Amino acid sequence: MVEVAAERGKQVSSRTSEEGAGWACQQIGTFKDLIPSRRSFSWLHPATLWRSRNEILAGLFGDPSKGERARWVAQQCERGADPEFRIRPAVGGSFSFLLLGDPGEGDASQYAVVPGLLKIGAGTSFAVVASDVIYPTGSGNEYGDKFFRPYQGYPAPIYAIPGNHDWYDGLGGFMRVFCDAPALPARASGGPRAWLWRKPDKIDEVRLAQARALRGAPAQQAVQPAPYWAIETESLLIVGVDTGIRGEIDREQAAWLRRTSLDPRPKVLVTGKPIYTRNVHKPSVLEDGGTIDDIVRDPAHRYVAAIGGDVHNYQRYPVRVGDRVIQYIVSGGAGAFMHATHTTGRVDVAGVHEDDFKCYPLRGDSLSFYSQLYARRLRMNWLYLKPREAACIMADRIRNTPVRALDPEVVITRRMRWAARILGAWPMPFRLPVGRVFHRYLSELSDWDTPPFFKNFLHISVTPDELKIRCFAATGCLTQELDPPLEDEVTIRLSVPPGTLEACT
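### What to know about the confidence of the model for the protein
- Averaged over every residue, the pLDDT of the protein is 91; the share at 70 or more is 90%.
- Confidence drops under a pLDDT of 50 for residues 1–9, and excluding neighbours within four residues, the segment shows 29 contacts in the predicted structure.
- Within the model, pLDDT remains below 50 along residues 498–505, and this stretch shows 20 contacts once partners closer than five positions in the same chain are excluded.

Here's what the structure looks like:
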């Protein structure tokens with residue numbers, strides 16, 4: 001049975017007020033004192049874009065990550081890794097853990113998450129990073145300020161699955177840090193891809209050792225067997241898969257996933273590419289046929305949730321599959337630039353009703369923020385939409401039950417509608433695909449380093465009977481830093497036999 005929590009009375013969040021969303025930020029949080037440098041990360045810098053070129057090359061000439069992954073895994077097996085890639089933390093039937101997606105920019109938007117994460121994460125047994133540990137290219141020489149320093153205060157182990165940006169380094173930095181693996185031998189290759197392909201950075205071992213010392217306590221140590229793995233506990237199996245650059249799974253990993261999924265315990269999938277996002281189904285292809293979602297949907301495998309990074313916000317789709325409900329979640333908002341939510345239309349994918357779909361930031365807050373950003377950047381003040389104006393526009397556009405009470409004094413004007421059109425929240429004349437362009441390119445070029453940030457992370461608690469997933473926000477404001485807002489919560493019953501799960505709200 002799946003139970004969705006009702007509104008929490010006096011719990012302050014973006015779902016209850018503009019203040020809860022961070023719009024009335026009077027004091028920036030203490031995170032600013034944690035940032036090692038005042039230099040901000042920027043996707044607008046030409047060097048950043050050039051270093052990230054492997055994404056385009058993989059699309060043009062094919063994704064080499066499947067073959068390279070097989071080489072990494074073969075080397076790990078030769079070094080004595082568990083051939084089934086199991087991780088067995090010392091936890092009982094009841095425990096909790098954190099999940100954070102796409103964190104590694106190393107700037108204010110990443111560090112703003114840290115204080116709330118440490119507060120909510122007190123007592124958790126471990127954490128999992130879901131996709132894109134390090135931006136822009138996963139270099140092993142950048143883990144100091146983008147991984148070890150921000151999470152030095154987290155006292156438990158951290159495991160990870162790589163994202164496409166970690167693969168821009170050929171996975172060299174990721175495998176060195178998380179699997180303690182030496183570099184792969186160079187392999188001769190030719191053609192345009194080989195000439196242009198960005199090669200892995202040579203790791204500065206002295207620099208890496210200094211970075212590791214920041215998380216040097218014995219309780220923080222963990223070595224995972226491969227870029228994909230299964231965390232095995234009494235009550236739950238947490239299955240992490242590596243989707244490479246283009247979201248495809250190689251033959252060996254697919255066979256492993258099928259074997260692992262036969263385990264009778266309930267399971268949560270953690271993946272580098274979400275299966276549902278922006279009202280679109282993206283099931284992720286397996287090299288030997290079928291998709292990841294085919295495996296998740298098979299009732300014999302007992303998956304109750306699938307959580308993916310890569311998209312930098314929070315979304316939850318409760319999808320009915322036969323007589324049960326699987327929670328498909330996007331959670332990629334732990335540090336990188338925010339992908340807009342206001343470009344997602346009325347949700348109906350896989351039969352999910354719009355009012356059952358959850359997202360953070362709310363569409364109105366997303367629209368208001370980007371209107372403010374581009375009004376300043378383009379010096380076009382008429383583009384700016386106040387949060388209450390943007391909320392009314394999105395409610396009118398989506399025709400949903402508003403999450404936050406609307407201001408009855410707001411009258412939607414032609415100016416507001418045209419601002420919404422330009423920002424991808426309202427259809428343009430001639431069906432111009434502004435929303436898709438905005439999501440794919442303009443969001444990526446719109447990083448910022450001042451609150452509110454609209455970041456998020458997950459706290460997941462497990463007992464033999466139930467799994468509870470809670471989404472907490474990080475705005476960068478002191479008020480929300482001291483009391484992180486709870487933006488969404490869902491409880492999933494684990495103790496009922498397969499085939500008898502029901503959904504209720």
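Next comes the rest of the description.
### Details of helix α14 (residues 363–378)
- Over its 16 residues, α14 extends 22 Å from the first C-alpha to the last, a length consistent with the 22 Å expected when each residue adds 1.5 Å.
- Of all 16 residues making up α14, 13 are buried, and the element is well covered by its neighbours.
- Remark: Arg 379 follows α14 within two positions and exhibits a positive phi of approximately 55°.

### Side note on the pairing of strand β7 (residues 237–241)
- For β7, a buried count of five out of five residues is recorded, marking the element as mostly surrounded by other parts of the structure.
- Side chains Leu 237, Val 239 and Val 241 project from β7 onto one buried face, and the interleaved Ile 238 and Gly 240 project onto a second face that is buried too.
- Relative to β7, strand β6 (residues 229–232) runs antiparallel, the two being bridged by four bridges. Paired with Ile 231 across the bridge in β7 is Ile 238.
- Hairpin remark: β6 followed by β7, antiparallel, with four residues in the connecting loop.

### Things to note about the sheet that holds β7
- If you walk across this open sheet you meet the eight strands as β2-β6-β7-β8-β11-β13-β12-β14, and the pairing is mixed. Strand pairing shows two members of the sheet lacking a second neighbour, β2 (86–87) and β14 (358–360), which therefore form its edges.
- The sheet contact formed by strand β8 (residues 267–271) and strand β11 (residues 303–308) spans five bridges and is parallel. Within β11, the position partnered with Val 270 by the bridge is Ile 307.

### Quick look at the side chain of Lys 358
- Within the element layout of this structure, Lys 358 appears in strand β14.
- As a buried residue without a salt bridge, Lys 358 has its nearest oppositely charged side chain in Asp 488, at a separation of 5.7 Å.

What counts and how
Residues numbered from 1 in each chain as written. Predicted model: local features only at pLDDT ≥ 70, side-chain atom pairs only at ≥ 80, totals over all residues. Heavy atoms only, no water. pLDDT = per-residue confidence, 0-100. Contact = heavy atoms within 4.5 Å. Helix = DSSP H or I, 4+ residues; strand = E, 2+ residues; numbered from the N terminus. Expected span 1.5 Å × (residues − 1). Buried < 20%, exposed > 50% of the residue type's maximum accessible area, 1.4 Å probe, protein only. Pairing = 2+ DSSP bridges. Lys, Arg positive; Asp, Glu negative; His and termini not counted. Salt bridge = Lys/Arg side-chain N within 4 Å of Asp/Glu carboxyl O.

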